[in-house]
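Inside the fold
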Amino acid sequence: MIIKILGIYGSPRKGGNTDMLLDSFLAGCAEVGADVRRLYLRELDFGPCAGCEGCSATGECVMYDGMKGVYPLLADSVGIVLASPIFFYGVTAQAKAFIDRMQPLYVRKYVLGKKGLNPGKRKGFFISAGATGGERLFDGACLTMKYFYDALDAGYAGDILHRGVEGKGGVADVEGALNKAFEKGKWFAALA
Ligand SMILES: Cc1cc2nc3c(=O)[nH]c(=O)nc-3n(C[C@H](O)[C@H](O)[C@H](O)COP(=O)(O)O)c2cc1C
């Protein structure tokens, strides 16, 4: 069976640190035979959740934008990996808006008691980088990611978190960082 893995690019900065890490990670997935798809949030035409409760009766989002094509893509992926830098101790606005659009899936699971996308089989992974070095730098983002993957019925398989990385492409100067991401991608594809 070919494993389908979706990589979600959450940084507004094209070719930046989390883009590079995710590129390497997905190259690792592909190396072991996974079918890799890529979603660039900076290019996706979508808005933030309106909080309208339009999904509360059906578990379907009533907003008509680029997300319409994304829900089936998520459902079809056994492995999902989201990359986002730390912006003010959380994920980027693009990534957070995307995560908030998982509310219909949350409703399906916890309000309507319907079956999720593919319970027990999907795996999630998080990639992040931040400029500073504080111990709790990734706490907020990791908590958000945990609940993102819960809504998707995906187990949180792990993360790659780089402190002290600021300038565009700086992660390439961190010894072994891109190679480790490649190897982790191979591991993730085998796990998923
Ligand atoms: C709006 C904004 C907010 C940021 N907030 C933080 C922060 O709270 N903590 C931190 O360590 N770095 C912060 N950074 C730095 C980025 O996380 C860092 O430059 C990262 O490597 C960017 O990743 P990218 O190249 O994938 O976009 C911020 C950068 C921007 C532009």
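Everything that follows concerns the structure shown earlier in this document.
Residues numbered from 1 in each chain as written. Predicted model: local features only at pLDDT ≥ 70, side-chain atom pairs only at ≥ 80, totals over all residues. Heavy atoms only, no water.

Turning next to the site of the ligand. Around the ligand lies a shell of 17 residues, among which Ser-11, Thr-18, Ile-86, Thr-132 and Val-165 are the nearest. At 3.1 Å from an oxygen atom of the ligand is found a main-chain nitrogen or oxygen belonging to Tyr-89. For the ligand, whose free accessible area comes to 650 Å², the fraction covered by protein is 78%. Put simply, the ligand lies in the largest pocket. (Near = heavy atom within 4 Å. Polar contact = N/O pair within 3.5 Å; in protein donor to acceptor, adjacent residues only side chain to side chain. Areas by Shrake-Rupley, 256 points an atom, 1.4 Å probe, with all protein chains shown as cover. 1 Å grid on protein atoms, 1.4 Å probe; cavity = no way out; pocket = protein on both sides within 12 Å on 5 of 7 lines; lining within 4 Å. Sits in = over half its atoms within 2 Å of the grid points.)

Let us look at the side chain of Thr-92. As for its position among the elements, Thr-92 is in the loop between β3 (79-83) and α3 (93-100). In this structure, Thr-92 is in contact with Gly-10, Ser-11, Pro-12, Ser-84, Pro-85 and Phe-87, ignoring residues within four places of it in sequence. (Helix = DSSP H or I, 4+ residues; strand = E, 2+ residues; numbered from the N terminus. Contact = heavy atoms within 4.5 Å.)

So, about the layout of surface pockets. Left-over empty space is what a probe sized like a water molecule reveals as it rolls over the atoms. Here the largest pocket is characterised by a volume of approximately 350 Å³. If you go around the largest pocket, you meet 18 residues; those closest to its centre are Pro-85, Ile-86, Phe-87, Gly-130 and Ala-131. Considered class by class, the residues forming the lining of the largest pocket number 10 nonpolar, six polar and two charged. Its volume calculated, the second largest pocket comes out at about 190 Å³. Together, Lys-96, Ile-99, Asp-100, Met-102, Gln-103, Tyr-106, Tyr-110, Thr-144, Tyr-147, Phe-148, Asp-150 and Ala-151 line the second largest pocket. Secondary structure elements with two or more residues in the lining of the second largest pocket: α3, α4 (103-111) and α5 (139-151). Residue contributions to the lining of the second largest pocket peak at five residues, all from α5. (Points joined across faces, edges and corners; volume = space filled by probe spheres on them. Nonpolar A, V, L, I, M, F, W, Y, C, P; charged D, E, K, R; others polar.)

A few words on helix α6 (residues 177-191). Under the 1.5 Å per step criterion, the end-to-end length of α6 is 21 Å for 15 residues, consistent within 8% with the ideal 21 Å. Looking at the buried side of α6, the elements it contacts are β1 (4-9), α1 (17-31), β3, β4 (122-129) and β5 (154-162). (Expected span 1.5 Å × (residues − 1).)

An α-helical segment advances 3.6 residues per turn. Residues three or four places apart therefore align on the same side. With 13 residues, α5 extends 19 Å between its outermost C-alpha atoms, agreeing within 8% with the 18 Å of an ideal straight helix rising 1.5 Å per residue. Of the surrounding elements, those touching the buried residues of α5 are β1, β3, α3, α4, β4 and β5. Note on α5: the residue one or two positions beyond its end, Asp-153, has a positive phi of about 55°.

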